[in-house]
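Each chain, letter by letter, is given below.
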Amino acid sequence: MTADSSASDQLAARLDGVLARLDDAAERSGRDGRAITLLLATKTRTPQEIATAIEMLRERGREIAVGENRAQEIAKHADPLLVDNGVPRHFIGRLQTNKARDVVAFAELIHSVDRTDIADALERRADMAGLVRDVLVQVNTSGEESKGGFAPTLEAVGPILDRLRASEHLRPVGLMTIGANTSDADQVRASLRGLRELRDQAREKCDLPELEQLSMGMSGDLEIAVEEGATIVRVGSAIFGARA
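What you see is a predicted model, and the numbers here were worked out from it, not measured in a lab.

This part covers the pattern of salt bridges. Tallied over the full model, the rule gives 20 salt bridges. As a salt-bridge pair, R21 and E223 come within 2.6 Å of each other at their nearest N and O atoms. Residue R21 is located in helix α1 (residues 3-28), and its partner E223 is located in helix α7 (residues 222-227); the two are separated by 202 residues in the primary sequence. A residue is classified by how much of its surface remains accessible, and E223, at 22% relative accessible area, is partly exposed.

Two elements in contact, helix α4 (residues 116-129) and helix α5 (residues 154-165), have axes whose closest approach is 11 Å; the angle formed by their N-to-C orientations is 10°. As summarised for this structure, α4 and α5 are arranged roughly parallel, according to the angle between their axes. Contacts between α4 and α5 involve T116, A119, D120 and E123 from the first element and I160, R163 and L164 from the second. Residues belonging to the contact of α4 with α5 are distributed by class as follows: 3 nonpolar, 1 polar and 3 charged.

Turning next to the nonpolar core. One finds L38, L122, V137 and V157 to be the most contacted residues of the largest nonpolar core, which totals 68 residues. With 8 residues, the single largest contributor to this core is α1. V157 has contacts with V137, V139, F150, A151, L175 and L198, leaving out every residue within four places of it along the chain. In this structure, A41, I92, L136 and V173 belong to the second largest nonpolar core, which totals 9 residues.

Bringing unusual backbone geometry into the picture now. The phi angle at D84 is positive, at roughly 55°, despite the residue not being glycine. Within the element layout of this structure, D84 appears in the loop between β2 (64-68) and β3 (89-91). A positive phi angle, near 55°, is found at D207, a position not held by glycine. Assessed through its relative accessible area of 57%, D207 is described here as exposed.

Turning next to helix α6 (residues 185-205). In this model α6 runs 30 Å from its N-terminal to its C-terminal C-alpha over 21 residues, within 8% of the 30 Å that 1.5 Å per residue would give. Of all the positions in α6, only V188, S191, L192, L195, L198, R199 and A202 are classed as buried. All buried residues of α6 lie within an arc of 110° about the axis, which places them on one face of the element. Turned more than 90 degrees away from the buried face of α6 sit D186, E204 and K205, all of them exposed. Contacts made by the buried residues of α6 are with α5, β6 (170-176), β7 (213-215) and α7.

What follows is about the environment of M216. In this structure, M216 sits in the loop between β7 and α7. On a C-alpha basis, the gap between M216 and S191 in space is 9.9 Å, while along the polypeptide they are 25 residues apart. Once residues lying within four places of it in the same chain are set aside, the contact partners of M216 are T177, L192, L195, A225, E228, G229, A230, I232, V233 and R234.

Glancing now at the packing of α5 against α6. The axes of two packed helices give the description: the angle between them and the distance between them. Interaxial distance between α5 and α6 falls to 11 Å at its minimum, and their mutual angle equals 55°. Judged by the angle between their axes, α5 and α6 are oblique. Between α5 and α6 the crossing geometry is right-handed. Of α6, the residues touching α5 (which contributes L154, V157 and L161) are L198, Q201, A202 and K205. Here the contact of α5 with α6 is built from residues that sort into 5 nonpolar, 1 polar and 1 charged.

The rules we used
- Residues numbered from 1 in each chain as written.
- Predicted model: local features only at pLDDT ≥ 70, side-chain atom pairs only at ≥ 80, totals over all residues.
- Heavy atoms only, no water.
- Salt bridge = Lys/Arg side-chain N within 4 Å of Asp/Glu carboxyl O.
- Helix = DSSP H or I, 4+ residues; strand = E, 2+ residues; numbered from the N terminus.
- Buried < 20%, exposed > 50% of the residue type's maximum accessible area, 1.4 Å probe, protein only.
- Axes fitted to C-alpha atoms, helices over the stretch in contact; angles between N-to-C directions.
- Parallel < 35°, antiparallel > 145°, perpendicular 65-115°, else oblique.
- Contact = heavy atoms within 4.5 Å.
- Nonpolar A, V, L, I, M, F, W, Y, C, P; charged D, E, K, R; others polar.
- Core = buried A, V, L, I, M, F, W, Y, C linked by side-chain atoms within 4.5 Å.
- Expected span 1.5 Å × (residues − 1).
- Arc of directions from axis to C-beta.
- Left-handed = near helix turned anticlockwise from the far one by under 90°.

This is the structure in structure tokens:
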């Protein structure tokens, strides 16, 4: 067995393990796992690794997207292996205003609108490029100071949703959070459930039925996220292996 075939087999095994976890969690909550988007978090991954994972997921008939969380890694998606592959491209990391142009050009869905100046910068750049981009409002449901995002209340999130709804170039389509950083599953669940409850409140009280997406759950907590209603789970190391 060659090194390449061994690596491919390991990738396939990890990927099938993640899909089994996702599907089992979806079944427990009365959902269809195939309706949940598996977002490949491609930080530090090579175009070949990404292209291989995409091919495997397509063979398995899954909803997929790719997501970068560092603007400096966007350039690798110009590789011939990844260009025009029909896979939605997302941006999932903390965003600096001076990188808004690159992110708007790259991503169809931007997960990390965590403050008003980012919304303003994205609006300006999307206007200049003549583009419309879907966005998610990032919410800090765990209250951890290390995480960005709006407070998990309608009073905090409502104004940014109103600002985005008035935009000609940004469309608010959901909320995003990073689960509590703890081994206590109940705390993790509470932080993720809070996002769903806030999304539901915002849809009703802000008259935003299009606010459907819940981006939550990563390699360590994807089962809880799926059980709590995630529509997008962001998975990197559980599929690609530990980063170098």
